[in-house]
Structure formats: structure tokens, C-alpha cells
Amino acid sequence: MISFSCTNENYRNDLMELVRAFEQRTDEELSLTAGYTVSSGEMRVEITADKFENFRKFFRFPYAPADAMEAKRLEKRYLKIALYGVLVFLTGRELPYGCLTGIRPTKLYAELGEGAHDVFLQDFSVRPEKLALIERIVREQEGLRNPDPERVADLFVFIPFCPTRCAYCSFVSMPVDRQRKLLRPYTDDLTEEIGWLKKRAKKLGYSIRAVYVGGGTPTALPLDMLDEVLAACRVRGAAEFTVEAGRPDTITEEALSLLKSRGVTRVSVNPQTFNDETLKRIGRRHTAADVERAYALARDRFDVNMDLIAMLPGESAEDFFRTVDRAAELAPANVTVHTLYLKKGSELRVGGYKSTENSEAERMVDYALTKLSASGYEPYYMYRQKYTSGNLENVGYTKPGKACLYNMDVMEEDTTVFAAGAAAISKKVTPAVNLIERNANYKEPLEYVKHFDTVMQKQKDFWK
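The sections below set out a description of the structure shown in this document. Since this is a predicted model, take the numbers as computed values, not measurements. (Residues numbered from 1 in each chain as written. Predicted model: local features only at pLDDT ≥ 70, side-chain atom pairs only at ≥ 80, totals over all residues. Heavy atoms only, no water.)

### Examining the sheet that holds strand E3 (residues 41-49)
Here comes step 1: Pairing is mixed across the open sheet formed by four strands, whose spatial order is E1-E2-E3-E4. Lying at the two open borders of the sheet, with one neighbouring strand each, are strand E1 (2-6) and strand E4 (55-63). The mean inter-strand angle of the sheet, taken between neighbouring strand axes irrespective of direction, is 20°.
Here comes step 2: Two elements, strand E2 (residues 30-39) and E3, share eight bridges in a ladder whose sense is antiparallel. Looking at E3, one finds that Val38 is bridged to Met43. (Pairing = 2+ DSSP bridges. Helix = DSSP H or I, 4+ residues; strand = E, 2+ residues; numbered from the N terminus. Axes fitted to C-alpha atoms, helices over the stretch in contact; angles between N-to-C directions.)

This is how it looks when you write it as C-alpha cells:
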């Protein structure tokens, strides 16, 4: 347990993310306090700890922010650098991404420009192999990023229903069999919201380059309702149209024919693992054979993504290696390798499951990178999350020419998103002033339906 306090409480939550990452790797009982002062051209950080008598460490950083926003950014950054150095000294542990706690390391790398390599390596203490991965992704994105953020946007639609709820899931998603009465009003409201957003995007001068229908499992909807949603989503001229079919137990010939007829170009068929015993443990209602059956139906009609998860309960590194090998053999257009994270509300976390085998997690993601690279894939987007095994990353891999534009747009936060449905968050991006504004819908589907008038009024106010 590491007790931590900061003289500026506004920064405590950000710094605690770094502290928690060390707590995963040590049994040390420590108490630390961080404080700082700023004067002309300098920020001075002082950190005290109780491990050694009168332990006190000082750091000095150049400090000349252009405005209040940059001042906050610099103060948090310098506090993290100092705190990381002290925690490494006191615990003897290091983290693969050093003092970086943000979700989007590739975005930060791009923002830093020419000096990013040295800053990541020397100031942030990112391991060389992780820095190489970040730089590889940034190179892969060249020519694929949104060419005109002022006028090109995406459309996101959320369908929060699944056949069953997975043990690791913390998303707003519900078993479809328990929500039958909600499906019709939800579909009606959702299609109305989509229609309004499309008209508003056009009036504001945006074209839509990517449509993404996520979940949940959209194909868990009755097909007549799914057809209504897909018809509402279709945008002439969009470069891609993705539907997260995801669960193979919802993928049928009829469902895929419907998707194709509505112009869908990309689907997910997500094994998570090719180990049947693990699938049972995590609450999936299908087998590895079902995944292969569904993939065989989809592969010649769509670009297919497969999600895999490292560090699922009960799985060894060798189990995960076999899953990666099988995915590489099947050769879908995209493979996304997630590292298990345990957010509040997931069944695994509530049940006390802890994923602390950090070296195993690192072996798994390292193997995936090596194997998929050798199989013709390139990493093309990355994000990180709190409570992730080993403080590691999630990476999307693509065959040449098959990258998902929407995934890049969302992870790099350089594209306006018109978002519909429960828990959907619209984003208005203004690159000229580095501004992102957000409008969040009600999280729960029932609240979304009950307060749909409010949902629409908020959208109208937001997109004035």
C-alpha cells in the first residue's frame, strides 16, 4: 500500500494513477508527499517519504508557460517525472511506459514534434521497446489521419445490448433477453437521433468519412430493428461503415446478408480467446469453433477485425500464444490485442480477481507484436487504460490498406464525432485552438429512452 498526498489536490488523481501502477508491482508500505513552488523561469518539486529517516528529494525544471492551460500541463508533467523517479528509487521497480499515465501516448508523441523521441526516452523514462512501438504506429498513421478536421467528421452509434454480459465487462451493456420491452422504444429513439445528427452535420458543412456502430453487440438486436438502425446510419460517400458483430453466436447468414445490403464494409468477429474453457469462465456463450464458423461466413464479404485479450483468468502465456497463432493463421484484416483491465463494475473485479503477473502480461503482448508483425500486420493505433495488467497497452494491428479510420480518429482525438445512443459522447474538435468539447448522453438505456426529449435538446444546444 502506498499512501500519497499532494499539496495541490487538483493534481492528486492524475498522480495517483502513477502510484497505483507501482502498487501492482510492490508490497512496499510507503507514505509520500509531493509539493512544488514556481518562480521566475523555474518549478521546484519537493517529495518526502517515510522509508528512510528525513528522506527528501528536490527536482528543478524550467518553467515558462505561455498561458494558464500550459501551466497546468507543465506542472502535472513535472510532478509525474519527479514522483516516478522517487518511486523507482524507493521500490526498485520500473514501468514500461515510465511516468506516462495518459490514454493516448501516440497523440502526445505527435504533439511534441521533433523532440518527442528524447523527451519520451529521457524525461518520461519510456522503455526503448515501447518507444519504438509508439514511433512505428505514428509512422503507420501517416497519410491515414483525417485530412481536413475542420470539415470531415465521423458518426458513432451505440447499441448497448449483448447475448450475455462478460465477466470483464464494465461497459453500459445489457443481456438482450432481459430487455425485450426496451428494444423497440430504444430503436425508435436511436434512429430519430441519428437522422437529426446526419442532417445537422450536413448543415454545418461536415462530410462523414467513417460510420461506426458499436456496443454491446449490435447484431444481438432483432434483425428488423437492426435494419432500421443501419438504414438510418448509411451515409453516401463514407469511406468505411463498421458494425461490431463481435459475438459469433449472433452472426448468421441472414444477419450478414442484411449488413451487406446496407453497405457495411467492416465487422468484428471477436474470439477474445480460442480456449473453450476460458470462454466459459468469462461468460461467453460460444466456442472457438463458433468463432471460426462465423469468420468463414464473414471473411469474403467484409474486412474483419478480431479482438484478443491477454491475461484472461486461468490462462497461461502459452494459452495466449496459441490464440495469437490461430488468429494469425486465419488472417483477418485487423487484429486488436487488448491487455485485460479491471474497471469498477466488472464481475471479475467485484469478485476480487487480481491480475498481478506483470511479467506474464509483458510476455503476452511482446509475443503478439512479434508474431503479428511476422504475419504481415502493422500496429496502427494504441491506447492505454487504468487498472490494466502490467500497466501495458492495447494495440490495433492491420494488414496493408485495411486500417480502421474510425479507430485512429477516436484514439488521436483529431476528428469531430456525431454520436447517438445511450452512453454516446459527441465530440466537437477545433484543431486551431486545440479544443475538444463534449456532449454526453444518458448512460443507461432506460434513462436515455425516458429522457429522450432532454437528449435531443442537449444535442441541439451542442451543435448550434
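Next comes the rest of the account.
### Some details on the environment of Thr278
Here comes step 1: Inspection of the secondary structure puts Thr278 in helix H9 (residues 276-281).
Here comes step 2: As for Thr278 and Glu315, which are separated by 37 residues in sequence, their C-alpha atoms are 7.2 Å apart.
Here comes step 3: If near-sequence neighbours (up to four positions away) are discounted, Thr278 is found in contact with Thr273, Leu312, Pro313 and Glu315. (Contact = heavy atoms within 4.5 Å.)

### Side note on helix H3 (residues 105-112)
An α-helical turn contains 3.6 residues, so a residue and the one three or four places further along point in the same direction.
Here comes step 1: Every buried residue of H3 is accounted for by Pro105, Thr106, Lys107, Leu108 and Tyr109.
Here comes step 2: Close packing links the buried residues of H3 with helix H2 (68-91), helix H4 (116-123), helix H5 (128-141), strand E13 (378-383), helix H14 (405-412) and strand E17 (435-440).
Here comes step 3: Once H3 finishes, Gly113 follows within two positions and takes phi at roughly 75°, a positive value. (Buried < 20%, exposed > 50% of the residue type's maximum accessible area, 1.4 Å probe, protein only.)

### Focus: unusual backbone geometry
Backbone geometry follows two general trends: most residues other than glycine have a negative phi, and most peptide bonds adopt the trans configuration.
Here comes step 1: The peptide bond linking Gly215 to Gly216 adopts the cis configuration, its omega dihedral lying at 25°.
Here comes step 2: Inspection of the secondary structure puts Gly216 in the loop between strand E8 (207-215) and helix H7 (223-233).
Here comes step 3: Of note in the backbone geometry, Ala423 takes a positive phi value of approximately 70° without being a glycine.
Here comes step 4: Among the residues examined, Ala423 registers a relative accessible area of 28% and is labelled partly exposed.

### Some remarks on the pairing of strand E14 (residues 394-398)
Here comes step 1: Taken across its five residues, E14 has five buried, putting it largely inside the fold.
Here comes step 2: Here E14 shows two buried faces, one formed by Asn394, Gly396 and Thr398 and the other by Val395 and Tyr397.
Here comes step 3: Examined bridge by bridge, strand E12 (residues 334-339) and E14 share four bridges and lie antiparallel to one another. Of the residues in E14, the one forming a bridge with Val337 is Val395.
Here comes step 4: With five bridges connecting them, E13 and E14 associate as antiparallel partners. Bridge pairing in E14 links Tyr383 to Asn394.

### Some points on the packing of H3 against H5
Here comes step 1: Running from N to C, H3 and H5 cross one another at 75°; their axes reach a closest spacing of 10 Å. In terms of orientation, H3 lies roughly perpendicular with respect to H5. The segment H3 lies against H5, with Pro105, Thr106 and Tyr109 engaging Leu131, Ile134, Glu135, Ile137 and Val138.
Here comes step 2: Class assignment for the residues of the contact of H3 with H5 results in six nonpolar, one polar and one charged. (Parallel < 35°, antiparallel > 145°, perpendicular 65-115°, else oblique. Nonpolar A, V, L, I, M, F, W, Y, C, P; charged D, E, K, R; others polar.)

### What to know about the packing of aromatic side chains
Here comes step 1: With the rule as written, the count across this model stands at 22 aromatic pairs.
Here comes step 2: On the basis of an interplanar angle of 70° and a centroid distance of 5.3 Å, the ring pair of Tyr109 and Phe120 is categorised as edge-to-face. Remark: Phe120 occurs in helix H4 and Tyr109 occurs in helix H3; sequence separation between them is 11 residues.
Here comes step 3: Taking relative accessible area as the criterion, Tyr109 reaches 14% and is therefore assigned buried.
Here comes step 4: Members of the aromatic cluster, each reached through a chain of ring pairs, are Phe156, Phe158, Tyr212 and Tyr406.
Here comes step 5: Residue placement shows Lys57 over the ring face of Phe59; its charged tip is 5.8 Å from the ring centre.
Here comes step 6: Note that Lys260 overlies the ring of Phe302, its terminal NZ or CZ placed 5.5 Å from the centroid. (Phe/Tyr/Trp six-rings, centres within 6.5 Å; stacked < 30°, edge-to-face > 60°. Lys NZ or Arg CZ within 6 Å of the ring centre and 35° of its normal.)

Keep in mind these numbers describe shape, not what the thing actually does.
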